Amino acid sequence: EPEVTQTPSHQVTQMGQEVILRCVPISNHLYFYWYRQILGQKVEFLVSFYNNEISEKSEIFDDQFSVERPDGSNFTLKIRSTKLEDSAMYFCASSAGQTYNEQFFGPGTRLTVL
Amino acid sequence: AQSVSQHNHHVILSEAASLELGCNYSYGGTVNLFWYVQYPGQHLQLLLKYFSGDPLVKGIKGFEAEFIKSKFSFNLRKPSVQWSDTAEYFCAVRTTSGTYKYIFGTGTRLKVLA
């Protein structure tokens, strides 16, 4: 069964450093998403991406964040200058469509900012 | 703003006990509803979904959920839990009004005692 994969599973970084979280969505999916979950809190939507453009973003997704689909398979989330409060589990998701399609989630990347 | 509430944060049951996890949402329009499960160390997996039609939805592993529109609820049920159901359960809502992001509840940690 096809799955969304994410690398790395755990990333530790120093405050102020840039990180790139990588995701490989399911191959025939067209819609891509990033969510995050700060420890003990809800899973929160960050951004959705379709046709090489951001289609929606939350208030959390400020100028420090960017997304890219650099090739036909990867979908990346970049945090330019990490802050302590960026420490969270980051989930990538993809879906074949939007209206009648569920999102499939990856296993997550745990980001720890020191 | 739309929100999703899961009132039970931690539930402990013995094997063979019946399970009901509550999920309420606040949104007056049409919604799609989902329950996801996250087993320890694994990614979010879809248990069941509701888009339209029969409000009683059957999912995988013997789970079902009932959409009660008048109560803005989508409670998850299983008549007899097993030790292997130990996991975290997330209710998610997606509105159909031009946004396709999921809004998640806080999650319910279920522990089933053998």
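Look above for the structure.
This is a predicted model, so every value here is computed, not measured.

**A closer look at the overall build of chain A**
Of the regular secondary structure elements, chain A holds zero helices and eleven strands. If you list the helices and strands of chain A from N to C, you get β-β-β-β-β-β-β-β-β-β-β. For chain A, the C-alpha radius of gyration of 13 Å lies close to 13 Å, the compact-globule estimate for 114 residues. Counting only C-alpha atoms, chain A reaches 40 × 30 × 30 Å along its principal axes. In chain A, the proportion of contacts linking residues at least 24 apart, taken out of those at least 6 apart, comes to 54%. If you sum the accessible surface of chain A, you get close to 5700 Å²; carbon and sulfur atoms cover 47% of it.

**Digging into unusual backbone geometry**
Going from Thr-7 of chain A to Pro-8 of chain A, the amide bond is cis rather than trans, its omega being -10°. Topologically, Pro-8 of chain A is positioned in the loop between β1 (5-7) and β2 (10-13). Backbone geometry at Asn-52 of chain A places phi at a positive 65°, although glycine is not the residue there. Of note, Phe-72 of chain B is a non-glycine position whose phi angle comes to about 50°, a positive value. Residue classification places Phe-72 of chain B among the partly exposed positions, given a relative accessible area of 34%.

**Description of the pattern of salt bridges**
Within this structure, the stated rule accounts for eight salt bridges over all chains. Between Glu-56 of chain A and Lys-101 of chain B there is a salt bridge, with the nearest N and O atoms lying 3.9 Å from each other. Taken together, the residues span two chains, with Glu-56 of chain A in strand β6 (residues 53-57) and Lys-101 of chain B in the loop between β10 (87-95) and β11 (103-104). Across the salt bridge formed by Glu-102 of chain A and Lys-49 of chain B, the nearest N and O atoms sit 2.8 Å from each other. You can see Glu-102 of chain A sitting in the loop between β9 (88-95) and β10 (104-105) and its partner Lys-49 of chain B sitting in strand β6 (residues 44-50), one on each of two chains. When its relative accessible area of 13% is taken as the criterion, Glu-102 of chain A is described as buried. A single salt-bridge network, built from bridges that share partners, covers Lys-58, Glu-64, Glu-66 and Arg-77 of chain B.

**Some remarks on the sheet that holds β1 of chain A**
Residue and element names in this part refer to chain A. Taken in spatial order, the four strands line up as β1-β3-β8-β7 in an open sheet, and their pairing is antiparallel. The strands lining the two open edges of the sheet, one partner per strand, are β1 and β7 (65-68). Between one strand axis and the next, the sheet turns through 20° on average, direction left out of account. Bridge count for β1 against strand β3 (residues 19-24) is three bridges, and the pairing is antiparallel. Bridge pairing links Thr-7 to Arg-22 in β3.

**A look at the interface of chain B and chain A**
Contacts between the two partners involve 19 residues from chain B and, on the opposite side, 18 residues from chain A. The contact between chain B and chain A buries some 1800 Å² in all, and 56% of this surface belongs to carbon and sulfur atoms. It is His-43, Tyr-100 and Phe-104 of chain B that lose the most area in chain B upon contact with chain A, and together they represent 32% of the buried surface on that side. There are seven residue pairs in polar contact (both at pLDDT 80 or more) connecting chain B and chain A. Going through the elements one at a time, β5 (31-38), β6 and β10 of chain B are the ones with two or more residues in the side of chain B that touches chain A. If one sorts the elements of the side of chain B that touches chain A by residue count, β5 of chain B sits on top with four residues. Counted by class, the side of chain B that touches chain A contains ten nonpolar, six polar and three charged residues.

**Points about the state of the cysteines**
Applying the stated criterion across every chain, the model contains two disulfides over all chains. The disulfide partner of Cys-23 of chain A is Cys-92 of chain A, and the gap between their sulfur atoms is 1.9 Å. Judged by the sign of its S-S torsion, about -65°, the cystine formed by Cys-23 of chain A and Cys-92 of chain A is left-handed. Residue Cys-23 of chain A is located in strand β3, and its partner Cys-92 of chain A is located in strand β9; the two are separated by 69 residues in the primary sequence. Here Cys-23 of chain B pairs with Cys-91 of chain B through a disulfide, and the sulfurs are 1.9 Å apart. Between Cys-23 of chain B and Cys-91 of chain B the sulfur-sulfur dihedral comes to about -65°; the bridge is accordingly left-handed. Residue Cys-23 of chain B is located in the loop between β3 (19-21) and β4 (24-26), and its partner Cys-91 of chain B is located in strand β10; the two are separated by 68 residues in the primary sequence.

**Quick look at the nonpolar core**
Leu-33, Trp-35, Leu-47, Leu-48, Phe-74, Leu-76 and Tyr-89 of chain B are the most contacted members of the largest nonpolar core, which has 29 residues in total. Of all elements in the fold, only β2 (10-14), β3, β5, β6, β8 (64-68), β9 (73-78), β10 and β12 (108-113) of chain B reach the threshold of two or more residues within this core. Dropping the residues within four chain positions of it, Leu-47 of chain B is found in contact with Trp-35, Tyr-36, Val-37, Gly-59, Ile-60, Phe-63, Leu-76 and Tyr-89 of chain B. Listed in part, the 22 residues of the second largest apolar core include Val-4, Phe-32, Phe-75 and Leu-77 of chain A.

Basis of the calculations
Residues numbered from 1 in each chain as written. Chains lettered and ligands numbered in written order. Predicted model: local features only at pLDDT ≥ 70, side-chain atom pairs only at ≥ 80, totals over all residues. Heavy atoms only, no water. Helix = DSSP H or I, 4+ residues; strand = E, 2+ residues; numbered from the N terminus. Rg over C-alpha atoms; globule rule 2.2 N^0.38 Å. Contact = heavy atoms within 4.5 Å. Areas by Shrake-Rupley, 256 points an atom, 1.4 Å probe, with all protein chains shown as cover. Buried < 20%, exposed > 50% of the residue type's maximum accessible area, 1.4 Å probe, protein only. Salt bridge = Lys/Arg side-chain N within 4 Å of Asp/Glu carboxyl O. Pairing = 2+ DSSP bridges. Axes fitted to C-alpha atoms, helices over the stretch in contact; angles between N-to-C directions. Buried area = accessible area lost by both parts, 1.4 Å probe. Polar contact = N/O pair within 3.5 Å; in protein donor to acceptor, adjacent residues only side chain to side chain. Nonpolar A, V, L, I, M, F, W, Y, C, P; charged D, E, K, R; others polar. Disulfide = S-S within 2.5 Å. Core = buried A, V, L, I, M, F, W, Y, C linked by side-chain atoms within 4.5 Å.

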